[in-house]
Each structure stands twice: as C-alpha cells, then as structure tokens.
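Residue strings, one per chain:
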Amino acid sequence: MKNTGRLLLVAIGFASLLPVAASADDTDPWEGFNRGVYRFNDTVDQYVAKPVAKAYQKVTPQPVDDGITRVLRNLLSPITLVNELLQGKPAAAAATTSRFMFNSTIGLAGIFDIGAKMGMPRTDEDFGQTLAVWGVGQGPYVMLPLLGPSTVRDFFGRFGDAPADPRAYMNTDVAYGILALNLVDTRADLMKAEKLVQGDRYNFIRDYYLQVRAFDIADGVVTSDPFLDDDFESEPAAQ
C-alpha cells in the first residue's frame, strides 16, 4: 500500500504538469511512436486475440456471453464505488453499493442485472476520471503495448485503481484466469464495432477514445460539440 501511495503521488505530480491538449497535434505529439505500438498491437490482435475471440463466440451462446459480461462488470464495481467517493458523489456511491449487493446475491454474482431492474443503472468510474475531476491535465495521447489507447493521466490512473480491484486479492491463477476471460469477452463484444471504423484506423481509434473519455469525465453532460455545431449551426430551431 505504501508503494502504491508513492506511485500515486508521483503520478499526480507528473500529470499535473501536463497541459490539457487543445488540438490534434498537441493531443498526439508522440504519434510516430504511437503508430509503431499500434501496428504491434494490431498484429497481435489479428493473429491471437481476434481468432480466440471468434472461437469464443462460436462456442458461447449469446445469453451465456451476456451473463459473463455482466459478472465481469459486477466484479469491478468496487473500483467505481471508490472513485465515486473520491469524486464527492455520495448518492452515486450509495447506488453502486446497493446495486453491487443485489447483483452479487439475488443476481447470482451478477449473472442477472437486478440493480438495473430496480432503477439503478450501471455507472463506470476510474481513477483516471477522478484525476480529471481533481483538475489534473490529461497529457499526451499514448498507445500502450497490448493495453491499447490511453493518455498519460489515464495510464497513471491504472495505479490508483489497483487497490480497489478485487482481483488483486485473489489467488494468482484465478486472477489471471479472470483477466484472460475479460480480455476475450471484451474483444468478442467489439467484433461488431469493427464495421464502424472508417478511414485511418489509428486516427479513428484515437479520436473515438478521447471523445468517449471526455464524455465519461463530464458524466455525459455535453454543453458544446464542435462537430455537431458545425453541422447544424445553420439549422433553424425546432418550433
């Protein structure tokens, strides 16, 4: 725990020196390096992750696949809970706690999403988002080997989530098994989304990641979207 605390202090101190990027060039100053890592990741995906995900889809009925996804998401609820508390969201933390308790018991470890049926939809918070709420700049975009798209802030945020991750307290073999299942399940769920990728795949993934992260940090509240503003600024207001 002491080492984790030191890492967090270093992370916050370093990331706070990084400016919030305003343009594509500022956002991705390490593009050359990032593209090299992206090509490596894409090769691993094409020859390892994607074939395994396809095999998983073939042998796993959709209802079972959905149940596995819900169980894995439920397992990581403590990460969301801790970050909601760190962000000063007691009501959201209380809802996450209730949802986790109901899904873990009545919902059979999360196979069934009882919380959603009771009016408690799933929320996702992580330490990267918490750092943003605390005013830490996102820093440059970075493509991580095997882990995929990130920012400097989100990279350091991974260290902050570690103490709240239940897998850290499990038997090593079990923890790695759950991690592997999560990776395969996530890759299988992304199979359909591949059809949405257009043009330069690297740019698409980068821009999509940054937009989703901004949306999550703002809790879905978008006051201005330059893309939508450009498309519809000449449209008359609905009467």
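About the thresholds
- All residue numbers refer to position in the chain's written sequence, counted from 1.
- Residue-level local features of this predicted model are given only where pLDDT is at least 70; pairs of side-chain atoms are given and counted only at 80 or more, and the full residue set underlies all totals for whole chains, interfaces and linings.
- As a rule here, side-chain values come from all non-hydrogen atoms in the structure, and water together with hydrogens is ignored.
- Each patch groups residues whose relative accessible area exceeds 30% and which form no salt bridge, using 9 Å between like charges and 5 Å between nonpolar side chains of Val, Leu, Ile, Met, Phe, Trp and Tyr.
- Throughout, the Shrake-Rupley method with a 1.4 Å probe supplies accessible areas, and for residues the shown protein chains are the sole cover considered.
- Salt bridges, as used here, are contacts in which a Lys or Arg side-chain nitrogen is within 4 Å of a carboxyl oxygen on Asp or Glu.
- Counting from the N terminus, the helices are the DSSP runs of H or I reaching at least four residues and the strands are the DSSP runs of E reaching at least two.
- How far a helix is expected to stretch is found by multiplying one less than its residue total by 1.5 Å.
- Here's how the labels work: a residue is buried when its accessible area is under 20% of the maximum for its type, exposed when over 50%, partly exposed in between, all with a 1.4 Å probe on protein chains only.
- Contact criterion: two residues are considered in contact whenever any of their non-hydrogen atoms come within 4.5 Å of each other.
- Being paired, for any two strands, means DSSP has found at least two bridges between them.
- An axis is simply a line fitted to the C-alpha atoms; with a helix, the fit covers only the stretch in contact. Between two such axes, the angle follows the N-to-C directions and lies from 0 to 180 degrees.
- Throughout this description, any angle smaller than 35 degrees is read as roughly parallel, any larger than 145 degrees as roughly antiparallel, any in the 65 to 115 degree range as roughly perpendicular, and the remainder as oblique.
- Put simply, a crossing is left-handed when the front helix is turned counterclockwise from the back one by less than a right angle, and right-handed when it is turned clockwise.
- Grouping buried Ala, Val, Leu, Ile, Met, Phe, Trp, Tyr and Cys residues that are joined through side-chain atoms within 4.5 Å yields what is termed a nonpolar core.
- N or O atoms within 3.5 Å of each other form a polar contact, as long as, within protein, one can give a hydrogen and the other can take it, and as long as residues adjacent in sequence are counted only when both atoms are side-chain atoms.

A. Spatial organisation of a nonpolar patch on the surface. A cluster of nonpolar side chains, contributed by V82, L86, V133 and W134, occupies part of the molecular surface with about 330 Å² of accessible area. Mapping V133 onto the fold places it in helix α8 (residues 127-133).

B. Molecular detail of helix α4 (residues 62-75). End to end, α4 covers 20 Å across 14 residues, agreeing with the expected 20 Å (1.5 Å per residue, within 8%). Turning to α4, its buried residues are D65, G67, T69, L72 and N74. Contact partners of the buried residues in α4: α3 (31-59), α5 (77-86), α6 (90-105) and α10 (172-189).

C. The arrangement of the pairing of strand β2 (residues 148-151) in detail. Pairing of strand β1 (residues 141-144) with β2 involves 4 bridges; the strand directions are antiparallel. The residue of β2 that forms the bridge with Y141 is T151. Connecting β1 to the antiparallel partner β2 that follows it, the hairpin turn spans 3 residues, and L146 within it adopts a positive phi of roughly 70°.

D. The arrangement of the packing of α4 against α10 in detail. Where α4 meets α10, the axes come as close as 10 Å, and the angle between the chain directions of the two elements is 125°. With respect to α10, the element α4 is oriented oblique. In the crossing of α4 with α10, the sense of the turn from one axis to the other is left-handed. On α10, the residues touching D65, I68, T69, L72 and L75 of α4 are I178, L181, N182, D185 and D189.

E. View of the nonpolar core. Formed by V37, Y38, Y141, M143, Y202, Y209 and L210, the largest nonpolar core amounts to 7 residues. Broken down by secondary-structure element, the contributors of at least two residues to this core are α3, β1 and α11 (201-217). Tallying contributions element by element places α11 first for this core, with 3 residues. Residues within four places of V37 in sequence aside, it is in contact with M143, L144 and P145.

F. Quick peek at the side chain of D154. Within the element layout of this structure, D154 appears in helix α9 (residues 152-161). There is a polar contact of 2.6 Å between the side chain of D154 and the side chain of Y209. Setting aside residues up to four positions removed in sequence, D154 forms contacts with G128, Y209 and R213.

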